[in-house]
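# A look at the structure
One-letter residues, chain by chain:
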Amino acid sequence: MKRLMCCLFWLFLSEAQGLEIPTNGLPEFAEYGDLVELSPGKFQFVPENRRYQRSVSGESGEMMEKADQVTLYSYKVQSTVTSRMANTIIQSKVVNNSPLPQNVVFDVQIPKGAFISNFSMTVGGTTFTTFIKEKTVGRALYSQARAKGKTAGLVRSKALDMENFKTEVNILPGSKVQFELHYQEVKWRKLGSYEHRIHLQPGQLAKHLEVDVWIIEPQGLRFLHVPDTFEGHFDGVPVLSKGNQRAHVSFKPTVAQQRKCSNCSETAVEGELVVMYDVNREEKAGELEVFNGYFVHFFAPDNLEPIPKNILFVIDVSGSMWGVKMKQTVEAMKTILDDLRAEDHFSVVDFNHNIRTWRNDLVSATKTQVTDAKKYIEKIQPNGGTNINEALLRAIFILNEANNLGLLDPNSVSLIILVSDGDPTVGELKLSKIQKNVKQNIQDNISLFSLGIGFDVDYDFLKRLSNENRGIAQRIYGNQDTSSQLKKFYNQVSTPLLRNVQFNYPDTAVTDVTQNNFHNYFGGSEIVVAGKADPTKLKQIQSIITATSASTDLVLETLAQMDGLEDFLSKDKHADPDFTKKLWAYLTINQLLAERSLAPTAAAKRKITKTILQMSLEHHIVTPLTAMVIESDAGDERMLADSPPQDHSCCSGALYYGSKVAPISIPPWANPSPAPEIPLHARGAQVIETTPPHVMRVENDPHFIIYLPKSQKNICFNIDSEPGKILSLVSDPESGILVNGQLIGAKKPKNNKLSTYFGKLGFYFQREDMKIEISTETITLTRGSHVSILSWADTARFINQRVLVSVKKEKTVTITLDKEMSFSVLLHRVWKKHPINVDFLGIYIPPTNKFSPNAHGLIGKFMHEPEIHIFNERPGKNPKKPEASMEVKGQKLTVTRGLQKDYRTDTVFGTDVPCWFVHNSGKGFIDGHYEDYLVPQLYSYLKWP
């Protein structure tokens, strides 16, 4: 909800009774045992933000000024954030100590886009409560019972990212008044963190001033930070406590601490209290949270290579930009141009009544070109009118032409950023016609972002223009801070990491999904999708995310249990059990409001309007289509909290305006894996002669099992080497395929022997210029200069030309080449506190004839099977392990019958596979000595002596 402002004026003419102010809605907070106090009483640093906000708690022994005619008895704020859904209550209690009637003002600034859900007040024994009605109905009710001498009005705010709710009441001597406002909002991730801002403006010293902020995040808190927005005035007041998934910020200065100076009667509590935090997401790219029949899907991968971008800056240089606005824009553009990456392409279009271009086509962002562009921008002299239509069409032409001529990287992202401070005055003046022209000419791979400076520009038009063309609009407040606002916005879109991001939920019991198709994903941000899930039909929800990164097509799969959060939320009295429902409603209503502004027909607009109205009433929130009626207990006095005309765009603060596709419309190239069943506990290891499909495998310390198809025998050997050594497993320069493994050691020796395992595996496919590094922590794909990183906590697939990489959460990575050759890597997790064992990897390679005849390596050499003959089987030293003779490559070896493990079907106990064991690190079976197979680097081919 945008610019929701309310001004209510009451004049009470009757004698008011004394009032005991209740404290409902603001319970005392109990400390959690796992919260750790962080730098008590200290702000962590001073940010550039110039807005200030504080909370105050008075000491019982302190006295307020006797001269105060109106005493602010208490000013309390309680705010809880549960999985990005914030609920805030602001309560103020005032006493009139004057012998004369006094005006009392309750003035609250709330974030733009927040929904007011409740307001109540008690004045002189009369309690006013609220209900939500359709706007015209609310106005009619108000007119029927408007009290004499009482008026209501609206106050517009031009404050940065804030809007006003203001109430003024005239109270008689000795009277008390209490106000309480409730609002809710979603926290959007920007530049790698969430910012929760609470604007405090008590207006005077408060006997009790208390602010409590609770952050509750099931994903876990990565960091918590409260910047000093008060220039050190409240140093020693704030208290920060942080646990793994919960944090508490308490801000309660005494009356003495509230004073601007020791002898001042004015309060220093005027500004913003800001809490910054981020959640843990190192282990997986997305978080699917399900509760009470609703789900919320958070998606914010960071470990991806930036996608090259093609960017056109379209800058208004008309006469209205003269002065500070132009100076600040030039300053911002110089910094922005310096931040372009070498692989980016760009140009600049500046316009007034004429259209000019720095370059008529896109150029690489080299130092020389950037320097030249900065010189061009510095010489701009604003004058003339504003021809937005021709400027945008010129920018679109430059991008379209470059794309049609094949000059753009097919994996790149194309952006247009429009900066303007006014409506068109030259050329096409009809806004709907400009909107139509842009829509008809722009290609569907281009996103248009619009930045409107000041309040003379038609911001609603800019939002329609951007939302319709895969971008968003943002208002830039014309002041000395314009430059930093422009730079901050650019930083949010400067690092595209994914294209064509689509969220799919295959089960038909998932309904009412919000926008789930997004043109781009930018680093440091977060995409949020929500929907309904019928708990009577589902035990778990499967999601499939498809996207394209800088070098690969990507599929991510997530599975969430329907009751996965029940235990966590039940143990936290501050957690909001309705956060999934509220977040879904917030997203849905905001997206519908944006769709309403783009509705192609009157009938479509009416249908959307009806849905918004029904949801607003059901969820009891004030939107542009509803009004909050404030009514006395007796029903004889009514006030109206109405919202002014809205310039509403989807999800204020969000970086994305997407679209909806059917939640089961998965792209054909991304065939989903079947939803896994919950595995049964293994009961024991079964001994089988062979485990189809037959493979060559390396497990444990490291144990090699070579399957020979012609003789249908398994031959085993161990390699006893040292941690850090790298073994060549497959080395085939002719085919351009390499597989190497690096050894890690156990934590300490056992029986005077240090066990070694594979802790890292490297795969290199030369023709695709692709390297895949698999460790026990991450899976890293490198193609040329592009890098993508995934963790074992994700189920995902990377698709690139001939190579398919499939990750099964915490189990396996399968690499398939041309659907003809495959490699499987199994992850073995051990208890982290185990005194000896460590996590390690196993590798499985099916025999294939796709390698060249010269393939080598400890496994590659056996892709072309040697002839063996096993005979003279006899009892061994161990009765359970018979011995035999084996002839291979002209040598006669003594081998022992034994068992090794295959963990593909049973990752805990493994399946016993019988094999003939070759002693002395495979001597005689492998060519040469095992040390001949050591290579210097993870991606080094084997140089055979």
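Residues numbered from 1 in each chain as written. Predicted model: local features only at pLDDT ≥ 70, side-chain atom pairs only at ≥ 80, totals over all residues. Heavy atoms only, no water.

### Some words on the overall build of the chain
We count it as follows: The helix and strand labels rest on DSSP assignments: H or I over at least four residues marks a helix, E over at least two residues marks a strand, and numbering proceeds from the N terminus. Each residue is assigned to one of three classes by its accessible area relative to the maximum for its type, calculated with a 1.4 Å probe on protein chains only: buried under 20%, partly exposed between the two thresholds, exposed over 50%. By definition, residues are in contact when any of their heavy atoms lie within 4.5 Å. Computed with the Shrake-Rupley method and a 1.4 Å probe, the accessible areas treat only the protein chains shown as cover for residues.
For the chain, the helix and strand inventory stands at twelve helices and 51 strands. The buried share among the 945 residues of the chain stands at 59%. Residue pairs at least 24 apart in sequence account for 72% of intrachain contacts in the chain once pairs closer than 6 positions are excluded. Of the accessible surface of the chain, which amounts to about 38,900 Å², a share of 49% is contributed by carbon and sulfur atoms.

### Focus on the pairing of strand β3 (residues 70–82)
The criterion, for reference: Here, a strand pair is defined by DSSP locating no fewer than two bridges between the strands.
For β3, the tally of buried residues reaches twelve of 13 residues, placing the bulk of the element in the interior. Pairing analysis gives twelve bridges linking β3 to strand β4 (residues 85–96), with the strands arranged antiparallel. Residue pairing across strands places Val70 opposite Asn96, the latter belonging to β4. Linkage of β3 to β4, two consecutive antiparallel strands, is achieved through a turn of two residues, within which Ser83 is found at a positive phi near 50 degrees. In the sheet, β3 pairs with strand β12 (residues 206–216) via ten bridges, with the strands oriented parallel. Looking at β12, one finds that Ser74 is bridged to His208.

### Some points on helix α4 (residues 367–378)
Rule in force here: Expected helix span is taken as 1.5 Å per residue step, with the number of steps being one fewer than the number of residues. Throughout, the arc means the angular range of directions from the helix axis out to the C-beta atoms.
An ideal rise of 1.5 Å per residue puts 16 Å on twelve residues; α4 measures up with 17 Å between its terminal C-alpha atoms. Residues of α4 that are buried include every one of Val370, Ala373, Lys374, Tyr376 and Ile377, and no others. Angular distribution of buried residues about the axis of α4 spans 160 degrees; they occupy a single face of the element. Counted as exposed and oriented over 90 degrees from the buried face of α4: Lys367 and Thr368.

### Observations regarding unusual backbone geometry
Positive phi outside glycine occurs at Asn500, with the angle close to 50 degrees. By the secondary structure assignment, Asn500 is in strand β26 (residues 496–504). The class for Asn500 is partly exposed, based on a relative accessible area of 38%. One non-glycine residue with positive phi stands out, namely Ser921, at about 55 degrees. Tracing the backbone shows Ser921 in helix α12 (residues 919–922). Owing to a relative accessible area of 15%, Ser921 belongs among the buried residues under this scheme.

### Details of the sheet that holds strand β27 (residues 510–511)
Strand order in the open sheet formed by four strands is β17-β18-β29-β27, with antiparallel pairing between adjacent strands. At either margin of the open sheet sits one strand with a lone partner, and together these are β17 (286–291) and β27. Strand direction decides the pairing type here: β27 and strand β29 (residues 527–533), joined by two bridges, are antiparallel. Bridge pairing links Thr511 to Lys532 in β29.

### Some points on the sheet that holds strand β13 (residues 221–225)
So the rule is basically this: All axes here are fitted lines through C-alpha atoms, helices being fitted over the stretch that makes contact, and every angle between N-to-C directions spans 0 to 180 degrees.
Strand order in this open sheet of three strands is β11-β16-β13, and the pairing throughout is antiparallel. For this open sheet the edge positions go to β11 (194–200) and β13, each flanked by a neighbour on one side alone. Neighbour-to-neighbour, the strand axes of this sheet turn through a mean angle of 20 degrees, independent of strand direction. Where β11 and strand β16 (residues 271–279) come together, seven bridges link them in antiparallel fashion. The residue bridging Ile198 from the neighbouring strand is Leu273, located in β16.

### A short note on the packing of helix α3 (residues 324–338) against helix α8 (residues 482–493)
Here is the rule we go by: By definition, turning the near helix anticlockwise from the far helix through less than a right angle yields a left-handed crossing, and turning it clockwise yields a right-handed one. Gly falls in the polar group here, along with every residue not listed as nonpolar (Ala, Val, Leu, Ile, Met, Phe, Trp, Tyr, Cys, Pro) or charged (Asp, Glu, Lys, Arg).
Two numbers describe how α3 lies on α8: the axes approach to 8 Å, and their chain directions differ by 35 degrees. Handedness of the crossing formed by α3 with α8: right-handed. Contact residues: α3 offers Gln328, Thr329, Glu331, Ala332, Thr335 and Ile336, while α8 offers Thr482, Ser483, Leu486, Lys487 and Tyr490. Class assignment of the residues belonging to the contact of α3 with α8 gives a composition of four nonpolar, five polar and two charged.

### Focus: the pattern of salt bridges
Applicable threshold: Just to be clear on terms, a salt bridge is a Lys or Arg side-chain nitrogen sitting within 4 Å of an Asp or Glu carboxyl oxygen.
Inspection of the entire model under this criterion finds 32 salt bridges. Put simply, Asp720 and Lys753 hold a salt bridge, and the shortest N to O gap is 3.9 Å. With Asp720 in the loop between β36 (713–718) and β37 (726–732) and Lys753 in the loop between β38 (737–745) and β39 (756–765), this pair connects stretches of sequence that are 33 residues apart. Using a relative accessible area of 43% as the deciding quantity, one classes Asp720 as partly exposed. Accessibility expressed as a relative area gives 36% for Lys753, which makes it partly exposed. When salt bridges with common partners are traced through the structure, they connect Arg84, Arg189, Glu217, Arg222, Asp278, Arg281, Asp302 and Glu526 into a single cluster.

### Looking at the side chain of Thr80
Of note, Thr80 is situated in strand β3. When near neighbours in sequence (up to four residues on either side) are disregarded, Thr80 contacts Met85, Ala86, Asn87, Trp214 and His574.

### Structural notes on the confidence of the model for the chain
Low pLDDT marks stretches whose predicted atomic positions should not be read closely. Defined as follows: By definition, pLDDT measures how confident the predictor is in each residue, and it falls between 0 and 100.
Here the chain shows a mean pLDDT of 83. Residues at 70 or above account for 84%. Contacts from residues 1–33, a stretch scored under 50 in pLDDT, to residues over four places away or in other chains number 142 contacts. For the stretch residues 147–158, pLDDT sits under 50, and the model shows 44 contacts to residues farther than four places along the chain or on other chains.

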